[in-house]
Amino acid sequence: MRIAIDGPAAAGKTTIARRLAAELGFLFVPTGAMYRAAALARRRGLSLEATDIAVAADGRILLAGEDVTDLLGSPELDDLSSQVAVDSRVRRRLVAIQRRIAEGQDVVMEGRDIGTVVLPDAELKVYLWATPEERARRRMRDQGGEFADVLAAIRRRDERDSTRANSPLRPAPDAVVIDTTDKSPDQVLAVVRRLVEERRAHVGR
Ligand code: DC
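Anyway, here's the lowdown on the structure attached to this text. (Residues numbered from 1 in each chain as written. Predicted model: local features only at pLDDT ≥ 70, side-chain atom pairs only at ≥ 80, totals over all residues. Heavy atoms only, no water.)

## Focus on the pattern of salt bridges
The final tally for this structure, using the stated rule, is 21 salt bridges. Residue Arg112 is joined to Asp161 by a salt bridge in which the shortest nitrogen-to-oxygen separation is 3.3 Å. Of the two residues, Arg112 is situated in the loop between β6 (107-111) and α5 (114-118) and Asp161 in helix α7 (residues 147-163); the sequence distance between them amounts to 49 residues. Summarising the burial analysis for this pair, Arg112 and Asp161 share the class buried. As a salt-bridge pair, Arg137 and Glu134 come within 3.4 Å of each other at their nearest N and O atoms. Within this pair, Arg137 and its partner Glu134 are both found in helix α6 (residues 132-143), separated by 3 residues, close to a single helical turn. Judged by relative accessible area, Arg137 falls into the partly exposed class, the value being 40%. It is possible to trace a salt-bridge network through shared partners that takes in Arg2, Asp121 and Glu123. (Salt bridge = Lys/Arg side-chain N within 4 Å of Asp/Glu carboxyl O. Helix = DSSP H or I, 4+ residues; strand = E, 2+ residues; numbered from the N terminus. Buried < 20%, exposed > 50% of the residue type's maximum accessible area, 1.4 Å probe, protein only.)

Here's what the structure looks like:
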């Protein structure tokens, strides 16, 4: 079973996808972290061809064999990853890796284009959403900063991610959209868990 979780920055995708994958015993694949690793590679001056990005257990990210997971959460990489993600060569490469990971394996994959491009026939597609203000508050809890600055950065990223020509952020037509603005992670997880159970009954797994 393949579960796609898409949505804008700081909508809770990683939190929900990680917990869901742990509960179900599926592989957790954070594709946002893969774009962040591509951004880190570019900042280190590595060529795309020399950039080997892999996902290990627990969604840890390996860049040319080095575990870079703990370097990926900075505000600088928030912005740089969204810029790198516009590059169609980077996308082609990462999408190929993501599809290969999902072959013959149960996955919870989170990102922007999983339900629309990477796994268009995923058994379950969820689109998590929240107001920009709520997402800015969540981001501040993790990274600190001034509300106005964090909100402006979120809006800038929303704009870039959803207006790019290649695989823009948008819900797949068959995605279940969940507004998480007034929901705790536990509440969102309960909704998603119910959807998984329905879908499992449907596909007989
Ligand atoms: O989810 P995130 O904030 O870690 O993602 C970082 C950036 O990577 C995001 O601004 C856009 C890009 N991204 C993408 O284009 N496609 C994906 N499937 C995941 C992330």
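## Description of helix α8 (residues 185-203)
A rise of 1.5 Å per residue sets the reference length of α8, with its 19 residues, at 27 Å; its end C-alpha atoms lie 26 Å apart and thus fit the reference within 8%. All of the buried residues in α8 are Val188, Leu189, Val192, Leu195 and Val196. With its buried residues spanning 125° around the axis, α8 presents them on a single face. Where α8 is buried, its residues contact β1 (2-6), α1 (13-24), β7 (124-129) and β8 (176-179). (Expected span 1.5 Å × (residues − 1). Arc of directions from axis to C-beta. Contact = heavy atoms within 4.5 Å.)

## Some words on the site of the ligand
Neighbouring the ligand are 16 residues; Arg36, Arg91, Arg112, Asp113 and Arg157 lie closest to it. Contact between the ligand and Arg112: an oxygen atom at 2.8 Å from a side-chain N or O atom of the residue. The contact in question runs from a nitrogen atom of the ligand to an N or O atom on the side chain of Asp113, over 2.8 Å. Burial of the ligand by the protein amounts to 96% of the accessible area it has alone, namely 450 Å². Those elements giving two or more residues to the shell around the ligand turn out to be α2 (31-43), α3 (75-84) and α7. Ranked by residues supplied to the shell around the ligand, first place goes to α2 with 4 residues. Split by residue class, the shell around the ligand holds 3 nonpolar, 5 polar and 8 charged. (Near = heavy atom within 4 Å. Polar contact = N/O pair within 3.5 Å; in protein donor to acceptor, adjacent residues only side chain to side chain. Areas by Shrake-Rupley, 256 points an atom, 1.4 Å probe, with all protein chains shown as cover. Nonpolar A, V, L, I, M, F, W, Y, C, P; charged D, E, K, R; others polar.)

## Quick look at α2
With 13 residues, α2 extends 19 Å from end C-alpha to end C-alpha; this agrees with the ideal 18 Å at 1.5 Å per step. Across the 13 residues that make up α2, a large majority, 10, are buried. All of the buried residues along α2 are Thr31, Ala33, Met34, Tyr35, Arg36, Ala37, Ala38, Ala39, Leu40 and Ala41. At the C-terminal side of α2, Gly45 shows a positive phi close to 80°.

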